[in-house]
Amino acid sequence: MSPNEAEVNVGIIRLLLHFQWTWVGLFAVDDDTGEQYLKVLEPLLSKNKICLALIQKIPKSFYWDDPDYFTDLLLEIYLPFKNSKAQVFIFYGESELFPVFYAIISPGYPTHTENHPLGKVWIMTPQADFAVSGLNRVWGFQFFHGTFAFTIHSNELHGFQNFVQELKPYKETGNSFVKDFWEQAFDCFYPDPQEPGDISETCTGEERLDSLSSSLFEMNMTGHSYSIYNAVYAIAHAIHALHSSRSNRRAMDNDKIMGFQDLWPWQVHPFLQVIAFNNSVGERLSFNDKWEMEGGLDIMNMATFANTSFRRTKIGTVNPNSPEGQELIIHENMIVWQTIFHKVSIVIVVIVIIITTTTIILPVSMFYLIRLSCKDRTKSAFKP
């Protein structure tokens, strides 16, 4: 169940207009999907009087041992990015693209993390997920502090937290995935009886998932997990509808009712498109004519920490099917901003104090005007 790209684009436009960001840049994967995305997004931006200040293509592969290749990328991508006046950038690409992308736009990391001159606001599409990129194991996420990410809508399922907390490798017989995940997450191993090993690094099976950093494992139901959960139920409803249809027509094969072993995947497709049902948390689910689930998207805001962990907070939603004027819901008081935003606010306050001290008397009207401009800065601090 893939995200509805039309909803993503509407969400991006609404977010940009909400904060009055009209001068933005775009990074997209250098393949056919990135090219197609640009063809769709650019007219939408133009229609809403939002200008693309910079368009950059990110290569899917990277030749780490070729200094000349890296130099060319710095000249073609990094320098235009660094010198761009745009402070808001949209990223379109899969999670696997992050290490390459980060190596290009932030050379020299981590030597310049403290007073980073390239503080930007990043807007990520649902295809990109920091948690599966592996970036935190090498560099961390500080560069993306304050990022806005559109994600597949999620909801907390009853009993999910208990299920995760009780999950143990020795309980999941026949499921080798849990064992492999356990070894990678806790940096331990299950010893081979035939080979000697250091028992101090052996997995006990009693490790707790809630002790892991969120960059390694998130305890909450993510959009992708929620999507898989709904997909399983959607298939079940479609098969039930198909079976009911056959039963009503008394379809028989050799005097026996056709069973699931006689079912072909393509036979389920027509029923998937017409089903509509409520899931266990009461949300109404259905597909559109492009096989996309309609239900809107969540807007997440990311806060990063020095220990390479991060926290994602839901700060809003976007749903094009909502009544006009309610397509975007955003809670500004919950947003964590890039460090450069706070510096801009401080500079404004300092200027006000200097002016007040110098002129001795500042007219009341001017004082309130400056205060209002400081508040408005929340929406336009990254607008050129």
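Everything discussed here concerns the structure shown above.
Our subject in this report is the structure included herewith. (Residues numbered from 1 in each chain as written. Predicted model: local features only at pLDDT ≥ 70, side-chain atom pairs only at ≥ 80, totals over all residues. Heavy atoms only, no water.)

1. Observations concerning the packing of aromatic side chains
No. 1: Going through the model one piece at a time under the given rule, you end up with 21 aromatic pairs.
No. 2: Ring centres of F27 and F101 lie 5.1 Å apart, and the angle between their planes is 65 degrees; this geometry places the pair in the edge-to-face category. Remark: F101 occurs in helix 4 (residues 98–105) and F27 occurs in strand 1 (residues 23–29); sequence separation between them is 74 residues. This pair shows no difference in class: F27 is buried, exactly as F101 is.
No. 3: For the ring pair F81 and F89, a centre distance of 5.1 Å and an interplane angle of 70 degrees mean the geometry is edge-to-face.
No. 4: Accessibility expressed as a relative area gives 0% for F81, which makes it buried.
No. 5: The class of F89 is buried, set by a relative accessible area of 0%. (Phe/Tyr/Trp six-rings, centres within 6.5 Å; stacked < 30°, edge-to-face > 60°. Helix = DSSP H or I, 4+ residues; strand = E, 2+ residues; numbered from the N terminus. Buried < 20%, exposed > 50% of the residue type's maximum accessible area, 1.4 Å probe, protein only.)

2. Observations concerning the sheet that holds strand 5 (residues 148–152)
No. 1: One open sheet holds the 8 strands; their spatial order is 2-1-3-4-5-10-11-12, and the pairing between them is mixed. Of all strands in the sheet, those with a lone pairing partner are strand 2 (51–58) and strand 12 (328–330), marking the two edges. When the angles between neighbouring strand axes are averaged without regard to direction, this sheet yields 25 degrees.
No. 2: Two strands pair when backbone bridges link them, and strand 10 (residues 297–304) and strand 11 (residues 310–318) are joined in this way by 8 bridges, in the antiparallel orientation. Each bridged residue has a counterpart across the sheet, and for D298 the counterpart in strand 11 is T317.
No. 3: Its contacts with the sheet put helix 3 (residues 67–83) on strand 1, strand 2, strand 3 (88–92) and strand 4 (121–124), and the angle it makes with strand 2 is roughly 150 degrees. (Pairing = 2+ DSSP bridges. Axes fitted to C-alpha atoms, helices over the stretch in contact; angles between N-to-C directions. Contact = heavy atoms within 4.5 Å.)

3. Examining helix 3
No. 1: With 17 residues, helix 3 extends 22 Å between its outermost C-alpha atoms, agreeing within 8% with the 24 Å of an ideal straight helix rising 1.5 Å per residue.
No. 2: At L74, helix 3 shows its strongest bend, of approximately 40 degrees.
No. 3: Within the span of helix 3, buried status applies to Y69, L73, I77, Y78 and F81.
No. 4: For helix 3, the secondary structure elements touched by its buried residues are strand 1, strand 2, strand 3, helix 4 and strand 4. (Expected span 1.5 Å × (residues − 1). Bend = angle between axes of the 7 residues up to and from the residue.)

4. Section: the packing of helix 3 against helix 4
No. 1: Between helix 3 and helix 4, whose axes approach to 8 Å, the crossing angle comes to 75 degrees. By the angle between their axes, helix 3 is roughly perpendicular relative to helix 4. On the side of helix 3, the interface is formed by F70, L73, L74, I77, Y78 and F81, while helix 4 contributes A103, I104 and I105. (Parallel < 35°, antiparallel > 145°, perpendicular 65-115°, else oblique.)

5. Concerning the pairing of strand 1
Side-chain positions along a regular strand alternate between the two faces of the sheet.
No. 1: In terms of residue burial, strand 1 counts as a mostly covered element, since 6 of its 7 residues are buried.
No. 2: By the bridge criterion, 7 bridges tie strand 1 to strand 2 in an arrangement that is parallel. Within the sheet, the bridge partner assigned to A28 lies in strand 2 and is K57.
No. 3: Assessed by its sense of winding, the connection that carries the chain from strand 1 through helix 2 (residues 32–47) to strand 2 is right-handed.
No. 4: Relative to strand 3, strand 1 is paired through 5 bridges, and the arrangement is parallel. Bridging across to strand 3, F27 finds its partner in F91. (Right-handed = clockwise from strand over helix to strand, strands pointing away.)

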